[in-house]
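Here is how the chains run, residue by residue.
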Amino acid sequence: MRGRFGRRRRGGDGNGRAALDATRELARLREAGLVPAETLEPASEDGVSAAFAALGLGTGGDGRRLAVASSPHDGGDAWLAGLALATRLAQQEGFAGDVWVSSPRWPAAARRRLGLLGATSFRVVAVQEPLPTGPDRAVMPEELELPAPATLEQAAAALRAATARELFLRAAAGLAGLAAKHGGSVRTGARGLELVLLARRVATLRAAASQLSIEVELPSRSSLRLDAATLSDALDRLEGSLRKYLNDRKVREGEGAVRARLVPLLATASGADRVLRWPSAGLDPDPLDFVAADPARRPVVGAARSELGLAELGAILDAVTALAGRLPDLVEGVPAPPRLFLAAERVEPAVARVLGCLRVESVLHDVERAGRELRIALRTPEARPLPAARPAPEPRRERPPAPLPPVLPAPPGPEKAEAVEAPAGPRRFEELSIFDLAGDERSDAEPAAARRRRRRRGRGRGRRAGSSEPGRGSREGEEREEADDGEPASDRDEQPRGPLVAADAEDLEEGLAAATEPDTEPEVDLSQPVYDDEEEIEPESEEERMREEREARRRARLAKTEPEPVAAPEPPRRVRRRAALLVHADRDSLGAAVVLARDLRLIEGIWVYPQSELMTFFRSVATDLREETLIAVLGFTASPARDVIQAAALYGERLIWYDHHDWPPEDLEALRRAVGAEAVHVQPGLGSALPLVLRDTTRRSRFTDKLVDLLAGRFTRHDFERWGRLWWDRLGEIARRSGEQRARLDALLAGRPSDLAREAARVAPPPAPAEVAWVASRDFRLAHFGGYSLVRVPVPPELHAPLAARIARERYEAELAVAWTEGSERVILCGEEASGGVSLELGAMVEHLAAKFTWVEALPDTDHVARIRLEGLEQHPERLDEVVGEIAMGRSILEG
């Protein structure tokens with residue numbers, strides 16, 4: 001489970017490896033005399049993580065440049081990393097020095113990689129390091145690999161009885177039929193006949209003495225004993241489990257399914273026939289996707305990936321070298337070096353460079369998506385074989401430096417580079433401060449340059465907020481600006497920077513004056529949410545699109561179920577003014593305070609205290625605030641009631657209260673009389689003040705939505721790896737500190753995901769959330785119905801229920817989870833997307849449960865967390881069983 005929450009870029013490579021300290025590793029190599037370097041400094045390379053290998057550059061005793069790569073885990077990884085660094089230097093700087101790769105571990109597969117290097121302008125030297133001291137120094141025995149039988153007849157011949165041999169051949173024919181039916185393959189391994197689907201071994205036919213069995217590995221482990229009477233039933237049960245496995249959405253849309261769809265495309269591109277899929281017996285998953293023979297009967301090997309990096313390339317090369325001797329027999333071809341055909345959606349630049357300097361003839365394709373269809377396009381014009389034998393290196397002192405021969409593929413053109421990453425422009429004032437007053441009015445007497453500056457700044461805001469007139473879009477906005485200014489927008493961007501710099505300075509002075517001015521902000525119409533563009537807009541992901549569709553369906557459902565509202569007088573507009581936030585010492589309340597601060601913008605400070613120190617704020621901090629400052633209280637109950645109510649009465653209309661605890665009715669009524677009923681937002685049983693805050697906020701941004709997803713346990717893996725893991729830990733740390741914490745939250749208030757990601761990349765990764773270890777150490781009850789799985793998660797009060805439910809769903813690969821905090825009546829219903837990319841209608845299920853049972857109360861879901869309150873849950877635990885049963889019976893509601 002920790003691997004799911006690991007950061008590959010910062011702290012690991014997804015295989016449990018910790019990041020290496022390059023400075024320490026290089027210093028160790030120099031001190032041990034393993035690398036003849038006079039100077040050695042750490043280096044970096046795109047596609048080579050700190051956990052994969054440590055890289056360095058320096059000079060040797062003879063003045064020649066050196067490149068160094070070291071890996072304590074595998075010499076093959078160090079070799080690939082050194083080639084990636086050296087080929088880039090050769091392309092850009094004509095590097096012709098030595099590449100030293102070192103590791104204490106050189107398994108057979110890593111040693112075979114050394115023989116794949118072709119002719120290059122640099123020399124590669126592999127070094128065996130001494131094993132480290134301690135337990136790792138001991139030599140561990142390797143698992144004995146028995147030779148695999150070449151044919152089924154040879155495998156059946158090991159059985160003594162004729163009836164057992166006949167049964168084995170019948171079972172093998174059944175597995176071959178399932179493979180043909182579902183697009184898989186069967187292969188003979190040392191432990192039996194393996195059935196492979198989507199590059200994964202799903203079952204193995206084994207023979208022990210005279211007893212046959214089918215060991216099922218996916219979707220769950222089981223053993224089917226075979227005899228003449230039960231063979232057909234066993235094959236039927238096996239096919240049933242395989243159908244369940246293949247119908248799982250994660251499997252159908254996962255890596256294995258993409259690889260299976262690309263096999264015929266790669267085979268057609270290679271001109272191969274009689275394709276044998278996933279031939280590497282004993283490897284799971286198989287690094288190779290097919291072997292075949294081209295029209296000249298030369299062996300062809302194909303491999304496809306969603307993402308192809310050095311680690312994936314290393315596994316492919318190892319499988320090719322291990323299988324090279326058997327290829328002519330497998331495909332009935334001529335003995336010749338195989339041709340390697342690769343395809344991937346995302347290819348790290350280092351992979352193409354490394355392939356260019358290997359002896360293996362390789363052809364690289366890019367995978368393109370057209371809707372649900374996959375296509376491949378040739379990346380290099382043609383596959384150019386390198387010399388079959390590597391020339392012996394000349395003596396180091398007599399070999400003059402030479403430029404790199406043109407054996408590497410050409411880099412992408414400038415048009416492609418611009419499409420990948422656009423140059424960043426100068427930072428605007430609203431990107432530097434959270435005090436940008438978007439709603440202030442400007443007089444017509446402003447300079448034209450300043451007006452044009454502000455119109456460009458609000459262009460995206462108008463599009464994202466929506467318009468009441470149909471057909472208004474970005475093109476109309478550009479035409480309107482062109483008509484107003486008398487010149488196209490593109491021409492204005494090319495104007496000299498003189499007047500724009502002056503306008504920036506003017507805006508900066510006005511913004512700083514507004515930030516320090518004690519007066520209130522001009523009134524803003526709060527009837528509709530406003531989406532601000534204070535952070536850069538990232539490409540809209542599938543998760544964001546599904547979230548917007550889910551929100552639209554929720555609003556449409558509420559519009560149909562709610563009665564027509566009776567005309568009522570419009571509430572008075574809230575006047576924005578400076579605010580001080582008082583936050584309870586827990587992560588949810590702190591996150592709600594950040595969302596509220598991003599809405600209010602004018603923040604005096606953020607103070608964090610536990611419930612026992614509530615009056616510390618009112619007796620000390622609040623007395624120093626200016627009289628017009630708004631005080632927002634989040635996550636506190638009125639305790640001690642008498643003192644809190646008296647303090648609230650002193651501040652009167654300046655106070656606004658958000659809370660989710662159970663209040664005595666008399667205390668709640670007294671607070672409403674003291675500060676006004678419209679300023680008290682208390683909803684018992686929510687478990688967080690965030691839904692109440694979101695219901696009262698109007699300024700929105702995409703980063704605010706991402707922050708809400710993090711707090712609600714719906715974060716994407718991409719966001720969690722970039723910045724979410726670090727700030728989840730920091731919010732918990734800040735919540736444990738008392739006092740003013742505004743400075744520690746400035747990065748979240750500014751809302752720049754790229755800045756958060758850069759900061760997260762510079763610090764050590766925090767430990768995994770405590771919920772990970774808690775879920776991994778326990779078993780939970782599961783319910784299966786109609787193709788869905790539901791896991792029940794009782795969460796202790798000190799842990800975060802939505803996050804624990806998210807981790808439990810991932811552990812059991814369940815689509816649904818029901819989680820509740822022990823001792824509480826609040827139950828949350830969490831779910832993943834259903835098959836076909838359709839979101840589960842959890843809100844509709846909550847409404848159905850509330851209408852079905854009188855003891856079920858639907859709670860607000862402004863933060864898109866489906867909550868219900870089960871009255872008397874502690875006294876009637878069977879009510880949870882009734883809820884789960886009703887969810888199973890009403891699964892059609894989930895599917896909309």
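Scroll up for the structure.
None of the values given here were measured: they were computed from a predicted structure. (Residues numbered from 1 in each chain as written. Predicted model: local features only at pLDDT ≥ 70, side-chain atom pairs only at ≥ 80, totals over all residues. Heavy atoms only, no water.)

Can you help me understand unusual backbone geometry in this one?
Across the chain, the bulk of peptide bonds are trans and the bulk of non-glycine residues have phi less than zero. Geometrically, the link from Leu218 to Pro219 is a cis peptide bond, its omega value of 5 degrees lying close to zero. Mapped onto the fold, Pro219 is located in the loop between β9 (211-216) and β10 (222-226). Cis peptide bonds are those with omega within 30 degrees of zero, and the linkage from Asp284 to Pro285 qualifies with -5 degrees. Positionally, Pro285 belongs in the loop between β11 (273-277) and β12 (290-293). At Ala199, a residue that is not glycine, the phi angle is positive and equals roughly 70 degrees. Tracing the backbone through its elements, the reader meets Ala199 in the loop between β7 (192-197) and β8 (200-208). Judged by relative accessible area, which is 2%, Ala199 ranks as buried. Residue Trp278 is not a glycine yet carries a positive backbone phi of 45 degrees. Structurally, the position occupied by Trp278 is in the loop between β11 and β12. (Helix = DSSP H or I, 4+ residues; strand = E, 2+ residues; numbered from the N terminus. Buried < 20%, exposed > 50% of the residue type's maximum accessible area, 1.4 Å probe, protein only.)

Explain the sheet that holds strand β19 (residues 603-609) here, please?
Strand pairing in a sheet relies on backbone hydrogen bonds, with the paired strands running either antiparallel or parallel. Reading across the sheet, the six strands line up as β22-β21-β20-β18-β19-β24 and stay open at both edges, with mixed pairing between neighbours. Of all strands in the sheet, those with a lone pairing partner are β22 (680-682) and β24 (739-740), marking the two edges. Pairing between strand β21 (residues 655-659) and β22: three bridges, direction parallel. The residue bridging Asp659 from the neighbouring strand is Val682, located in β22. The sheet contacts of helix α20 (residues 587-600) involve β18 (579-584), β19, β20 (630-634) and β21, and relative to β18 the element is tilted by about 165 degrees. (Pairing = 2+ DSSP bridges. Contact = heavy atoms within 4.5 Å. Axes fitted to C-alpha atoms, helices over the stretch in contact; angles between N-to-C directions.)

Just checking my understanding: could you explain the sheet that holds β12 for this structure?
Judged by pairing direction, the sheet is mixed, and its six strands sit side by side in the order β11-β12-β13-β14-β15-β16 without closing on themselves. Strands with a single pairing partner mark the edges of an open sheet, and in this sheet they are β11 and β16 (373-378). Averaged over neighbouring strand pairs, the angle between their axes works out to 25 degrees when direction is ignored. Pairing analysis gives four bridges linking β12 to strand β13 (residues 299-308), with the strands arranged antiparallel. In the sheet register, Phe290 faces β13, and the bridge partner there is Gly302. Seen against the sheet, helix α11 (residues 349-356) touches β13, β14 (339-347) and β15 (361-370) and runs at an angle of roughly 165 degrees to β14.

Got a minute to help me understand the pairing of β21 in this structure?
Where a strand is regular, its side chains alternate between the two sheet faces. A large share of β21 lies buried, amounting to five of its five residues. Burial of the side chains of β21 extends over both faces: Leu655, Trp657 and Asp659 are buried on one face and Ile656 and Tyr658 on the other. In this structure, β20 lies alongside β21, joined through four bridges in parallel fashion. The residue of β21 that forms the bridge with Ala632 is Ile656. Of the crossover connections in this fold, the one passing from β20 over helix α22 (residues 641-651) to the parallel β21 is right-handed. (Right-handed = clockwise from strand over helix to strand, strands pointing away.)

Would you take a moment to explain the packing of aromatic side chains for this structure?
To describe a pair of aromatic rings, one takes the distance between the centres and the angle between the planes. As enumerated under the stated definition, the model contains eleven aromatic pairs in all. Arranged with centres 5.9 Å apart and planes meeting at 85 degrees, the rings of Trp657 and Trp663 form a pair that is edge-to-face. Note on Trp663: relative accessible area 10%, which makes it buried. Taken together, Trp607, Phe617, Phe618 and Tyr651 form an aromatic cluster joined through their ring pairs. Above the plane of the ring of Trp727 lies Arg730, whose end atom (NZ or CZ) is 5.0 Å from the centre. (Phe/Tyr/Trp six-rings, centres within 6.5 Å; stacked < 30°, edge-to-face > 60°. Lys NZ or Arg CZ within 6 Å of the ring centre and 35° of its normal.)

In this structure, what is going on with the environment of Ala207? I would like to understand it.
Considering the arrangement of structural elements, one finds Ala207 in strand β8. A residue is classified by how much of its surface remains accessible, and Ala207, at 40% relative accessible area, is partly exposed. For the pair formed by Ala207 and Gly192, sequence separation is 15 residues and the distance between their alpha carbons is 7.0 Å.

Help me understand the side chain of Asp863 in this model?
Note on placement: Asp863 falls in the loop between β29 (856-858) and β30 (866-870). One polar contact links Asp863 to Arg867, side chain to side chain, over a distance of 2.7 Å. (Polar contact = N/O pair within 3.5 Å; in protein donor to acceptor, adjacent residues only side chain to side chain.)

I would appreciate a short explanation of α22 in the present structure.
Helical geometry note: an α-helix holds 3.6 residues per turn, so side chains three or four residues apart project in the same direction. Those residues of α22 that sit buried are Val644, Ile645, Ala647, Ala648 and Tyr651. Down the axis of α22, the buried set is contained in an arc of 165 degrees. They therefore lie on one face. Away from the buried face of α22 by more than 90 degrees, exposed residues Arg642 and Leu650 are located. Where α22 is buried, its residues touch α21 (614-621), β20, β21 and α23 (665-675). (Arc of directions from axis to C-beta.)

What is the right way to read the nonpolar core from this model?
If you look at soluble globular proteins, the nonpolar side chains tend to sit buried side by side. Counting residues in hydrophobic clusters, the biggest one holds 64 residues, and the most contacted among them are Leu581, Leu634, Leu745 and Val793. No other element matches α20, which puts eight residues into this core. Filtering out sequence-adjacent residues up to four positions away, Leu745 remains in contact with Leu590, Val594, Ile606, Trp727, Leu731 and Ile734. Counting 53 residues, the second largest nonpolar core, distinct from the first, contains Ala110, Leu310, Leu355 and Leu358. (Core = buried A, V, L, I, M, F, W, Y, C linked by side-chain atoms within 4.5 Å.)

Looking at this model, I keep getting lost on the pattern of salt bridges. Mind explaining?
Should their charged atoms come close, side chains of opposite charge can pair. Across all of its chains, the model carries 42 salt bridges by this definition. With a shortest N-O distance of 3.7 Å, Asp289 and Arg305 are connected by a salt bridge. With Asp289 in the loop between β11 and β12 and Arg305 in strand β13, this pair connects stretches of sequence that are 16 residues apart. The same class applies to Asp289 as to Arg305, namely buried. With a closest N to O distance of 3.8 Å, Glu373 and Arg375 form a salt bridge. (Salt bridge = Lys/Arg side-chain N within 4 Å of Asp/Glu carboxyl O.)

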